[in-house]
Amino acid sequence: IKALDWALKQVMARPDTDIRLVNVLRLGACQLLLDYRVPENAATDTSVRLCREIGLEGLTSVCNGILRNLIRKRDVGELTRPDPEAEPDLALSVETGAPEWLIRRLREDWGSETAEQLLRWRDRRGGLVLRPNLTRLDDAGFEALLEKKVWEREPGLMPHAVRVRGTLDISGDSDWLSGQYSIQSEGSQCAVLALDVKPGWRVLDCCAAPGGKACYIAELLK
């Protein structure tokens, strides 16, 4: 979203535009700039229609004008990015979407080269990462459960974790619905293991939605 905002900033006359319009413009810019192969007219017309639907009838011409200007600047190569030599943190922020304060912290902790590698890394393996409900299954039991599925699978990076592919709509799987396993990214699992919770601790999951880390902690402590 940082890259979209940076591009829109170059074609918007006012930085204090209504946030509802900004969000519509972000959707339009996403289609126009990120190779979604959406025809230009479809992207702009949809954005204008969205403005009407959310009560911004008076800003439809503004929306259309901004996106048309974005298309023009894109086509003639006038959309710019921050200079990585002059403003390295801002340039990396626009490229990766990470906030500048985090980039500075990573540079301090890991050095510039490793920080940039961390920020540019993307997991391209695909699939979903599952882990067993440790109050019901051990690793052998989970492996036996997965043997009954038609999914492709391979060991994950975290203890107990398995990466699966070919699941289609896993939300209908009876074993998932009955709580035999959870869908949880390796990053989330890593955060729990790094916490190294001990019996008797009180842990507040400040961003529980729906609470996968809290559940994992509970399972680890039985």
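It should be emphasised that the depicted structure is a prediction, and the values quoted were computed from it without experimental measurement. (Residues numbered from 1 in each chain as written. Predicted model: local features only at pLDDT ≥ 70, side-chain atom pairs only at ≥ 80, totals over all residues. Heavy atoms only, no water.)

J.: Would you explain unusual backbone geometry in this entry?
T.: Between A209 and the following residue, P210, the backbone shows a cis peptide bond with an omega angle of 15°. If you check the backbone angles, D196 has positive phi at about 55° while not being a glycine. Assignment of secondary structure puts D196 in the loop between α10 (186-195) and α11 (212-220). Judged by relative accessible area, which is 45%, D196 ranks as partly exposed. Of note, the phi angle at K222 is positive, near 60°, even though the residue is not glycine. Mapped onto the elements, K222 comes out in the segment after α11. (Helix = DSSP H or I, 4+ residues; strand = E, 2+ residues; numbered from the N terminus. Buried < 20%, exposed > 50% of the residue type's maximum accessible area, 1.4 Å probe, protein only.)

J.: Explain the pairing of strand β3 (residues 162-165) here, please?
T.: Looking down a regular strand, the side chains alternate between one sheet face and the other. Bridging between strand β1 (residues 128-132) and β3 involves three bridges; their strand directions are antiparallel. Across the sheet, residue L128 finds its bridge partner in β3, namely V164. Note: strand β2 (residues 152-155) against β3, four bridges, orientation antiparallel. Each residue of the ladder has a partner; that of P155, found in β3, is V162. Once β2 ends, the chain turns through six residues before running back antiparallel as β3, passing H160 with a positive phi of about 75°. (Pairing = 2+ DSSP bridges.)

J.: Please clarify how the pattern of salt bridges should be interpreted in this entry.
T.: Side-chain pairs of opposite charge can arise where the charged atoms are in close proximity. All told, the structure shown has 21 salt bridges when counted by the stated rule. Between E186 and R125 there is a salt bridge, with its nearest N and O atoms 2.9 Å apart. With E186 in helix α10 and R125 in the loop between α7 (112-120) and β1, this pair connects stretches of sequence that are 61 residues apart. R125 gets classed as partly exposed once you look at its relative accessible area, which sits at 29%. The partner of E219 in a salt bridge is R131, and the shortest N-O contact between them spans 2.7 Å. Here E219 is found in helix α11, whereas its partner R131 is found in strand β1, with 88 residues between them in sequence. Among the residues examined, E219 registers a relative accessible area of 7% and is labelled buried. The structure contains a network of salt bridges with shared partners spanning D89, E95, R107, E116 and R120. (Salt bridge = Lys/Arg side-chain N within 4 Å of Asp/Glu carboxyl O.)

J.: Can you walk me through the packing of helix α1 (residues 2-9) against helix α5 (residues 88-96) in this structure?
T.: Each pair of packed helices gets described by two things: the angle between the helix axes and the distance between those axes. Two elements in contact, α1 and α5, have axes whose closest approach is 6 Å; the angle formed by their N-to-C orientations is 110°. Viewed along their axes, α1 and α5 adopt a mutual orientation that is roughly perpendicular. When α1 is examined against α5, the residues K2, A3 and W6 are found in contact with a partner set consisting of L90, S93 and V94. Across the contact of α1 with α5, the residue classes tally to four nonpolar, one polar and one charged. (Axes fitted to C-alpha atoms, helices over the stretch in contact; angles between N-to-C directions. Parallel < 35°, antiparallel > 145°, perpendicular 65-115°, else oblique. Contact = heavy atoms within 4.5 Å. Nonpolar A, V, L, I, M, F, W, Y, C, P; charged D, E, K, R; others polar.)

J.: Just checking my understanding: could you explain the layout of surface pockets for this structure?
T.: Gaps left between atoms are located by rolling a probe of water-molecule size over the structure's atoms. Looking at the largest pocket, its volume works out to about 300 Å³. I183, P210, G211, G212 and K213 are, among the 16 residues lining the largest pocket, the residues nearest its centre. Its residues assigned to classes, the lining of the largest pocket comprises eight nonpolar, five polar and three charged. In this structure, the second largest pocket encloses a volume near 240 Å³. If you go around the second largest pocket, the residues you meet are K2, D5, W6, L8, K9, M12, A13, R14, P15, V22 and L90. No other element matches the five residues that α1 contributes to the lining of the second largest pocket. Taken together, the residues that form the lining of the second largest pocket break down as seven nonpolar, no polar and four charged. (1 Å grid on protein atoms, 1.4 Å probe; cavity = no way out; pocket = protein on both sides within 12 Å on 5 of 7 lines; lining within 4 Å. Points joined across faces, edges and corners; volume = space filled by probe spheres on them.)

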